[in-house]
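Residues per chain are reported as follows:
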Amino acid sequence: MTTATNPDAAPVGGGSAPAVPDRGRRVAFLDVARAIAMIGVVLMNATAVVFPAEMTGERGPSVLASALDTGVSLLMSGRARAMLMVLLGVGAVLAWGSVARRGGRPLVTMLRRYVALGVLFGIPHLLVFSGDILTHYAITALFLAPLLPLMTAGAPNRPLWFALGLFLASPVFEPFVGSEMVQSMVIGPIPQTLGFFCVGVWLARRPELSPDFTGPNRLIAPMIWGGLIGQVLGMGLLIGSGLLFPREVGPDGVPVSGPDGIPVTPLPAEMSVNLSSTLAGLGGALFYLGLVWWLLGRNGAAARALGALAPLGRMTLTVYLGSTAVFLLMKPFEGEVPMLAQYALATGYFVVMALAARLWLSRLRLGPLEWVWRGVTYLRPQELRRERPAVPEPDR
């Protein structure tokens, strides 16, 4: 769950900074959590990349399909993406520290890292799937990088104050961005997403993630219970905003739409929905992260099962883009494939990828797309093959 650190590692900022893992050592908790988040994102995309027959009216929804779709939405909608955002913030701190230890220029490297993510992977993916998240994450991370020295210096809870300010700014910023796809999906959520990144920076600074930490982990319970409370508050705010600020309805009882065809929503309702999604997403992310951390710490059957997902969590970029490629193969059959079949395809994809990731990483250090991304980030090819253990000389 933890990893070794270098006591001489350079701090990220001018003050205290979290211990950063040595190169080549992993934090199992983060890898497993990343895998679960990616599974949630892909399951949500299973019926979004290619619409199933039930969504086009070609087939009536069965009870099982409706129950499964509702369950996936309740468990993962917004929460899986929020987990990924928090984990990206954690990863940014670790990557910065790794560059600093080697005597490099962390800010330049981090900016190049996220430009490469957007240009190489995000924009091409956005062109084939409007629900792409990489482009938005890459743009937002360009704002995160210059803030890292400030957030990793001083009081450990400083990143949470950054997050709070951004979460409060998001309901004001997003409604005025516009309804065009690029504006509403890529630019509009930047303050909210940056706030989630800041929560990840805070988590990376917590002593519980340090390998030298030996005391009881008192962070897990607040994460689980606080996450549950956040989700309840988010749901309550969403219901309340619908009652207090109903949509404008025409004489025929249909919500009035603007020139772009999107139903007109009162500004207070838009702001309430934004804050609701922040509370529900953050609550879900903290709950799942805390739950995974707790289960891994128990070292039982659940920990062993979750541990099997760790290789998948080290290849999330490859897994994410690969899933879209698989779903796009079904594009000619859009509206014909049942929803259950698409969820079955997603499940089968993860089973295959989990086995493939374990086999791949048993011999190689990085996933294929992760290797390309890291090579562009550091402007040189990265070592891909694992070093073979030295063969002991025979006794003389």
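Residues numbered from 1 in each chain as written. Predicted model: local features only at pLDDT ≥ 70, side-chain atom pairs only at ≥ 80, totals over all residues. Heavy atoms only, no water.

Re the overall build of the chain
Filter applied, for reference: Only DSSP runs of H or I covering at least 4 residues are called helices, and only runs of E covering at least 2 are called strands; the numbering of each starts at the N terminus. Accessibility here uses a 1.4 Å probe with only protein chains present; expressed as a share of the type maximum, an area under 20% marks a residue as buried, one over 50% as exposed, and anything in between as partly exposed. Whether two residues touch is decided by their heavy atoms; if any such pair falls within 4.5 Å, the residues are in contact. For every accessible area listed, the method is Shrake-Rupley and the probe measures 1.4 Å; residues are considered covered only by the protein chains on display.
Check the secondary structure of the chain and you find 16 helices and zero strands. In the chain, which comprises 396 residues, the proportion classed as buried is 45%. Contacts in the chain between residues far apart in sequence, at least 24 positions, make up 76% of those at least 6 positions apart. Put simply, the chain shows about 19600 Å² of open surface, and 66% of that area lies on carbon and sulfur atoms.

Here's the deal with the side chain of glutamate 54
What counts here: Polar contacts here mean pairs of N or O atoms no more than 3.5 Å apart (in protein, one a potential hydrogen donor and the other a potential acceptor; neighbouring residues in sequence count only if both atoms are side-chain atoms).
For glutamate 54, the position within the fold is in helix α2 (residues 53–56). Of note is the side chain of glutamate 54, whose polar atom sits 2.9 Å from the backbone nitrogen of methionine 339. Sequence-distant contacts of glutamate 54, that is, excluding residues within four places in its chain, are made with Arg59, Gly60, Pro61, Ala65, Val337, Pro338 and Met339.

Points about the packing of helix α6 (residues 134–151) against helix α9 (residues 190–205)
Convention followed: To obtain each axis, a line is fitted to C-alpha atoms, and for helices this fit is confined to the stretch in contact; angles are then taken between N-to-C directions over 0 to 180 degrees. By the definition adopted for this analysis, an angle is roughly parallel if under 35 degrees, roughly antiparallel if over 145, roughly perpendicular if from 65 to 115, and oblique otherwise. Take the far helix as your reference; a near helix turned counterclockwise from it by less than a right angle gives a left-handed crossing, and one turned clockwise gives a right-handed crossing. Polar here means any residue outside two lists: the nonpolar Ala, Val, Leu, Ile, Met, Phe, Trp, Tyr, Cys and Pro, and the charged Asp, Glu, Lys and Arg; Gly therefore counts as polar.
One way to put it is that α6 packs onto α9 with a least axis distance of 9 Å and a crossing angle of 45°. Taken as axis vectors, α6 and α9 run oblique relative to one another. Remark: the crossing between α6 and α9 carries right-handed chirality. Contacts between α6 and α9 involve His136, Tyr137, Ile139, Thr140, Ala141, Phe143, Leu144, Leu147, Leu148 and Met151 from the former and Ile190, Thr193, Leu194, Phe197, Cys198, Val201 and Arg205 from the latter. Looking at the contact of α6 with α9, its residues break down into 13 nonpolar, three polar and one charged.

A closer look at the confidence of the model for the chain
Condition: The quantity called pLDDT is the predictor's confidence in a given residue, expressed from 0 to 100.
With 84% of its residues at a pLDDT of 70 or more, the chain shows a mean pLDDT of 83. In this model residues 1–24 is a low-confidence stretch, pLDDT under 50, and it forms 66 contacts with partners more than four residues away in sequence or in other chains. Across residues 390–396, where pLDDT falls below 50, the model places zero contacts with residues more than four positions away in sequence or in other chains.

Details of helix α11 (residues 267–298)
Basically, it comes down to this: Residue count minus one, scaled by 1.5 Å, sets the expected span of a helix.
Given a rise of 1.5 Å per residue, 32 residues ought to cover 46 Å, and the 47 Å separating the end C-alpha atoms of α11 matches this to within 8%. Positive backbone phi, approximately 55°, marks asparagine 299, located one or two places after α11.

Re the side chain of threonine 140
Summarising the element assignment, threonine 140 is placed in helix α6. Residue threonine 140 is classed as buried on the basis of its relative accessible area, which comes to 0%. Side-chain polar atoms of threonine 140 contact the backbone oxygen of histidine 136, separated by 2.8 Å.

Focus on the environment of leucine 142
Assignment of secondary structure puts leucine 142 in helix α6. Placed 35 residues apart in sequence, leucine 142 and leucine 107 show a C-alpha to C-alpha distance of 9.7 Å. Among residues more than four places away in sequence, those in contact with leucine 142 are Leu111, Tyr114 and Val115.

Describing unusual backbone geometry
In the Ramachandran plot, asparagine 299 falls in the positive-phi region, its phi being about 55° despite a non-glycine side chain. Position of asparagine 299 relative to the elements: it lies in the loop between α11 and α12 (301–307). Of note, leucine 379 is a non-glycine position whose phi angle comes to about 60°, a positive value. Take leucine 379: it is sitting in the segment after α16 (368–378). We classify leucine 379 as exposed; its relative accessible area is 62%.

Focus: the packing of aromatic side chains
Counted only if it meets this: Any two of the Phe, Tyr and Trp rings considered here, Trp counted by its six-membered ring, make a pair once their centres fall within 6.5 Å; the pair's planes then place it as stacked at under 30 degrees, edge-to-face at over 60, or tilted in between.
A full pass over the atoms with the stated rule returns five aromatic pairs. Taking 6.2 Å as the distance between ring centres and 75° as the angle between the ring planes, the aromatic pair formed by tyrosine 137 and phenylalanine 197 counts as edge-to-face. Taken as a pair, tyrosine 137 in helix α6 and phenylalanine 197 in helix α9 lie far apart in primary sequence, 60 residues in all. Judged by its relative accessible area of 0%, phenylalanine 197 is buried. Ring geometry for phenylalanine 167 against phenylalanine 196: centres 5.2 Å apart, planes inclined by 65°, an arrangement best described as edge-to-face. With phenylalanine 167 in helix α7 (residues 158–173) and phenylalanine 196 in helix α9, this pair connects stretches of sequence that are 29 residues apart.

Section: a nonpolar patch on the surface
Selection rule: Patches were defined on residues exceeding 30% relative accessible area and lacking a salt bridge, with like-charge contacts within 9 Å and nonpolar side-chain contacts (Val, Leu, Ile, Met, Phe, Trp, Tyr) within 5 Å. Within this document, salt bridges are pairs made up of a side-chain nitrogen of Lys or Arg and a carboxyl oxygen of Asp or Glu, the two lying within 4 Å of each other.
Residues Leu107, Leu111, Val115, Val119, Ile123, Leu127, Val128, Leu142 and Phe143 make up a contiguous nonpolar surface patch of roughly 770 Å² in combined accessible area. Breaking the nonpolar patch down by element, the ones donating at least two residues are α5 (106–128) and α6. A per-element tally of the nonpolar patch places α5 first, with seven residues. Locating valine 119 in the fold gives a position in helix α5.

Some remarks on α6
Under the convention used in this document: Bend, in this description, refers to the angle at a residue between axes fitted to the seven residues ending there and the seven starting there.
Along α6, the largest kink reaches about 35° and is centred on alanine 145; proline proline 146 follows within four residues of it. Three or more residues of α6 are buried, namely Leu134, Thr135, His136, Tyr137, Ala138, Thr140, Ala141, Leu144, Ala145, Leu148 and Met151.

Remarks on the packing of α9 against α11
Across the interface, α9 lies against α11 with an axial gap of 11 Å and an inter-helix angle of 30°. Here α9 is positioned roughly parallel relative to α11, judged by the angle of their axes. In the crossing of α9 with α11, the sense of the turn from one axis to the other is right-handed. Across the interface between the two elements, Gln192, Phe196, Val199 and Leu203 from α9 touch Asn274, Ser277, Thr278, Gly281, Leu282, Leu286, Leu289 and Trp293 from α11. Each residue belonging to the contact of α9 with α11 can be placed in one class, and the counts come to seven nonpolar, five polar and no charged.

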